[in-house]
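Inside the fold
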Amino acid sequence: MKSRFSIPAALALLATPSAAFAQAADPAGSGPIVAALGWLQGTLLGNVATAVAVMAVAAVGFMMLTGRLNWRFGATVIIGVFILFGAASIVAGIQGVAA
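These figures come from a predicted structure and were not determined experimentally.

What follows is about the overall build of the protein chain. The helix and strand inventory of the protein chain stands at 5 helices and 0 strands. When the helices and strands of the protein chain are placed in sequence order, the string is α-α-α-α-α. A burial count over the protein chain gives 11% of its 99 residues as buried. As displayed, the protein chain has an accessible area near 8,400 Å², and 73% of this comes from carbon and sulfur atoms.

Next comes the structure, spelled out in structure tokens:
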């Protein structure tokens, strides 16, 4: 006799994303923490960080072209910079698909 319960179906049901209602608003008393993290994000992704990232990508690209740097490591650095600065867009896209 075959049972109606299957493990892959149960795992698929558990892995299905659902709305996280607890994350709809900031918890009480988190205003200063949210403000501090916003300031940190603005500092790390501001004009100085953008200029440093542009110089880093240029230096890594030049070192890759001259054979002084492994292509895999150089590509990792460049992709990491794109992920760092595109994190807000990536998260917005994931949230849009999940909603």
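Next, the rest of the story.
Before going further, it helps to spend a moment on helix H4 (residues 71-85). The terminal C-alpha atoms of H4, which comprises 15 residues, lie 21 Å apart, in line with the 21 Å expected from a rise of 1.5 Å per residue. Of all the residues in H4, the buried ones are Gly-74, Ile-78 and Val-81. Along the axis of H4, the buried residues cluster in a sector spanning 55°; they form a single face. Exposed side of H4, more than 90 degrees from the buried face: Arg-72 and Thr-76 are the residues found there. In this fold, the buried residues of H4 make contact with helix H3 (47-65). With a side-chain oxygen lying 3.3 Å from the backbone nitrogen of Arg-72, the N-terminal cap of H4 falls on Asn-70.

Structurally, the position occupied by Ile-78 is in helix H4. In this structure the C-alpha to C-alpha distance between Ile-78 and Val-60, which are 18 residues apart in sequence, comes to 7.9 Å. Excluding residues within four positions of it along the chain, Ile-78 makes contact with Val-57, Val-60 and Met-64.

On the surface, a cluster of nonpolar side chains totalling about 800 Å² of accessible area is made up of Ile-33, Leu-37, Trp-39, Leu-40, Leu-44, Leu-45, Leu-84 and Phe-85. Looking at the nonpolar patch, the elements that each hand over two or more residues are helix H2 (31-44) and H4. If one sorts the elements of the nonpolar patch by residue count, H2 sits on top with 5 residues. Its place among the elements puts Leu-44 in helix H2.

Conventions adopted
- Residues numbered from 1 in each chain as written.
- Predicted model: local features only at pLDDT ≥ 70, side-chain atom pairs only at ≥ 80, totals over all residues.
- Heavy atoms only, no water.
- Helix = DSSP H or I, 4+ residues; strand = E, 2+ residues; numbered from the N terminus.
- Buried < 20%, exposed > 50% of the residue type's maximum accessible area, 1.4 Å probe, protein only.
- Areas by Shrake-Rupley, 256 points an atom, 1.4 Å probe, with all protein chains shown as cover.
- Expected span 1.5 Å × (residues − 1).
- Arc of directions from axis to C-beta.
- Contact = heavy atoms within 4.5 Å.
- Polar contact = N/O pair within 3.5 Å; in protein donor to acceptor, adjacent residues only side chain to side chain.
- Patch = residues over 30% accessible without salt bridge, like charges linked within 9 Å, V, L, I, M, F, W, Y side chains within 5 Å.
- Salt bridge = Lys/Arg side-chain N within 4 Å of Asp/Glu carboxyl O.

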